[in-house]
Amino acid sequence: MPSFVHPDLKDVSLAAALHALADPVRLAMVAQLAGGETLNCTATCPLQSIPKSTLSNHFKVLRGAGIVETRAEGREMLSTLRREAFEARFPGLLASILDNQRAGCVV
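Scope of this entry: the structure provided in the associated data block. This is a predicted model, so every value here is computed, not measured. Each chain has its residues counted from 1, following the order in which its sequence is written. Owing to the predicted nature of the model, reporting of local features is limited to residues with pLDDT of at least 70; listing and counting of side-chain atom pairs is limited to 80 or more, with chain, interface and lining totals taken over all residues. Each side-chain value is worked out from all heavy atoms of the structure, with water and hydrogens disregarded.

**Examining the overall build of the chain**
Which entries qualify depends on this criterion: Helical segments are the DSSP runs of H or I of at least four residues, strand segments are the runs of E of at least two, and each set is numbered from the N terminus. For the exposure calls, accessible area comes from a 1.4 Å probe over protein chains only, and a residue counts as buried if that area is under 20% of its type's maximum, exposed if over 50%, partly exposed in between. Contacts are residue-level and defined by heavy atoms, with any inter-residue pair within 4.5 Å sufficient. Note that accessible areas follow from Shrake-Rupley with a 1.4 Å probe, and for residues the cover is restricted to the protein chains shown.
Along the backbone of the chain there are five helices and two strands. Seen in sequence order, the chain has helices and strands lined up from the N terminus as α-α-α-β-β-α-α. Taken over 107 residues, the chain has a buried fraction of 34%. Put simply, of all contacts in the chain between residues at least 6 apart along the chain, 64% involve residues at least 24 apart. Element-wise, carbon and sulfur atoms account for 53% of the exposed surface of the chain, whose accessible area totals about 6100 Å².

This is the structure in structure tokens:
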């Protein structure tokens, strides 16, 4: 069973967080997770045309920036948003980026 490394958010730089949130695909993933969903690479979502391997890499980047937490459940790897912990580390950042994304602004 795979074990995922989830960084302590105190060790995540603002640059790493912004890099992870700057990609439109990752931003769409985070927006979907912010709605309370749990995602995996085979989840039905607006990202269906993206290869599983690419989505897996996007999850890795988000995990490395401390934005998502991934756990194994059977054969699936499920990711959820670490909203409270991320908010404590970077107050207002995630809400601001998601608000801009919903308003159609380019990140």
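**Observations concerning the side chain of H58**
Counting through the fold element by element, H58 comes out in helix α3 (residues 52-64). Residue H58 is classed as buried on the basis of its relative accessible area of 9%.

**With respect to the packing of helix α1 (residues 14-22) against helix α5 (residues 93-102)**
Quick reminder of the rule: A fitted line through C-alpha atoms represents every axis, and for helices the fit uses only the stretch in contact; the resulting angles, taken between N-to-C directions, go from 0 to 180 degrees. Angles are sorted into four bins: roughly parallel if under 35 degrees, roughly antiparallel if over 145, roughly perpendicular if 65 to 115, and oblique for all others. In a left-handed crossing the near helix is turned counterclockwise from the far helix by less than a right angle, and in a right-handed crossing that turn is clockwise. Under the scheme applied, nonpolar residues are Ala, Val, Leu, Ile, Met, Phe, Trp, Tyr, Cys and Pro; charged residues are Asp, Glu, Lys and Arg; polar residues are all the others, including Gly.
Axis separation between α1 and α5 bottoms out at 12 Å; the angle between their running directions is 25°. The orientation of α1 with respect to α5, classified from their angle, is roughly parallel. Crossing hand, α1 versus α5: right-handed. Along the contact surface, α1 presents L14, A17, L18 and L21, while α5 presents L93, L94 and I97. Of the residues in the contact of α1 with α5, the class split is seven nonpolar, no polar and no charged.

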